[in-house]
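An overview of the molecular structure
Letter by letter, the chains look like this.
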Amino acid sequence: MAVGDAVLGLPSHLRGRLASALDAGMVSADSSAVSLGSTLGLQEGVDDVLADIASLDGMGVSGRAAAAWIRSVGQASTRLRAPELVWSGPQVPGVHARRTDRVFDEAIQSAERSLWVCTYAYFDGPQVFASLAERMDAVPDLDVALLLNIQRQRADTTAADALIRRFADQFWCKDWPGTRRPTVYFDPRSLEPEQSAVLHAKALVADSETTFITSANLTDAALNRNIELGVLLRDRTLALRTESHFRGLIERKLLSPLPSG
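As the structure is a computational prediction, the values presented were derived from the model and not from experiment.

**Some points on the side chain of Ser-114**
- Residue placement: Ser-114 occurs in strand β3 (residues 114–118).
- Judged by relative accessible area, Ser-114 falls into the buried class, the value being 13%.
- Residues contacting Ser-114, with those up to four places away along its chain left out, are Leu-142, Asp-143, Val-205, Ala-206, Asp-207, Ser-208 and Glu-243.

**Concerning helix α6 (residues 100–110)**
- Those residues of α6 that sit buried are Thr-100, Val-103, Phe-104, Ala-107 and Ile-108. Buried positions in α6, seen along its axis, are confined to an arc of 125° and lie on one side of it.

**Section: helix α3 (residues 33–40)**
- Within the sequence span of α3, burial applies to Leu-36, Gly-37 and Leu-40. Projection of α3 onto a plane perpendicular to its axis shows the buried side chains occupying an angular sector of 100°, all on one side. Opposite its buried face, α3 presents the exposed residues Val-34 and Ser-38, each directed more than 90 degrees away.
- On its buried side, α3 packs onto α2 (12–23) and α4 (46–58).
- Within two residues after α3, Gly-41 carries a phi angle of roughly 70°, on the positive side.

**Considerations on the nonpolar core**
- Membership of the largest hydrophobic core comes to 37 residues, with the highest contact counts inside it found for Leu-115, Phe-171, Leu-204 and Leu-258.
- The set of elements that each furnish at least two residues to this core consists of α6, β3, α8 (130–138), β4 (143–148), α9 (160–175), β5 (183–186) and β6 (203–206).
- When residues in this core are grouped by element, the largest group, six residues, is from α9.
- Within the second largest apolar cluster, 19 residues are counted, among which are Val-49, Leu-50, Ala-67 and Ile-70.

**Focus on the environment of Phe-104**
- Relative to the elements of secondary structure, Phe-104 occurs in helix α6.
- The exposure class assigned to Phe-104 is buried, which follows from its relative accessible area of 7%.
- When near neighbours in sequence (up to four residues on either side) are disregarded, Phe-104 contacts Leu-204, Phe-212, Thr-214, Leu-218 and Leu-223.

**Some details on the environment of Ser-208**
- Note on placement: Ser-208 falls in the loop between β6 and β7 (210–214).
- Under the relative-accessibility criterion, Ser-208 is labelled buried at 11%.
- For the pair formed by Ser-208 and Ala-239, sequence separation is 31 residues and the distance between their alpha carbons is 5.1 Å.
- Non-local contacts of Ser-208, meaning those with residues more than four positions away in its chain, are made with Ser-114, Arg-236, Ala-239, Leu-240 and Glu-243.

**Details of the pairing of strand β8 (residues 228–234)**
- Bridging between strand β1 (residues 84–88) and β8 involves five bridges; their strand directions are antiparallel. Paired with Glu-84 across the bridge in β8 is Leu-232.
- The pairing of β7 with β8 spans five bridges and is classified as antiparallel. Note that in β8 the partner of Phe-212 across the bridge is Leu-232.

Rules and cut-offs
- Here the residue index of a chain counts from 1 through its sequence in written order.
- Totals for whole chains, interfaces and linings use every residue, but because this is a predicted model, local features are given only for residues with pLDDT of at least 70 and side-chain atom pairs only at 80 or more, for both listing and counting.
- Water and hydrogen atoms were dropped before computing side-chain values, which therefore reflect all heavy atoms in the structure.
- The helix and strand labels rest on DSSP assignments: H or I over at least four residues marks a helix, E over at least two residues marks a strand, and numbering proceeds from the N terminus.
- Each residue's exposure class comes from its accessible area (1.4 Å probe, protein chains only) as a fraction of the maximum for that residue type: buried when under 20%, exposed when over 50%, partly exposed otherwise.
- Note on contacts: a residue pair is in contact if any heavy atoms of the two residues lie within 4.5 Å.
- To obtain the arc, one takes the directions from the helix axis to the C-beta atoms.
- We call a set of buried residues a nonpolar core when its members are Ala, Val, Leu, Ile, Met, Phe, Trp, Tyr or Cys and they connect through side-chain atoms within 4.5 Å of each other.
- Strand pairing follows a simple DSSP-based rule, namely that at least 2 bridges must link the two strands.

Right, here's the structure in full:
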């Protein structure tokens, strides 16, 4: 993460609270994580925020100067570029619309540092993951996290561990077409006998800058033929907060890593 990303990823009211605390001298690079967490009312990500404060201090930006920087960066980051509607399905003459398949491909092919891709369902893995696998092979430093749902069929009483193993074997041996592998996570609640919940979100975050939220799964029908609607937003704060939520789910072990072999 770049200097300031943790601070920028805070909700606006916490950024304001942090700036006020820096103004008043209640927070500094010498503060402890416990003290900072108490001041902000923050439980997760405190160490990253403290590291940002220390990095700024090391560059000679502390106290009121750091507070002013936080306020100015926060204001700049909230100046949203107009969101773009993204559709799958039949086009409407005279109405401009981005295409779902093209937006997915453009976001993947432009990524240089990180990609988060979350989907409920996918079909024909070698085809739908081809662009992602090619980008990973072309950009060795690209960090990719793939969030997938593992479905327990109704009335299936197979043990959860066996379902996970079966899914992992299928994914790595048949569905994933690349030489480099992404880190894959799933929601273990989908494998409970009564299936209390599933991972149903469909989203992509590229380089902590661009967020694409859509109703479309990673299937040819959803990307091209179904009537699906999404929104493309180029806003760093939103992207960072989306990533932070995913990371929080992983850190709290609400999402589990898929075995890699």
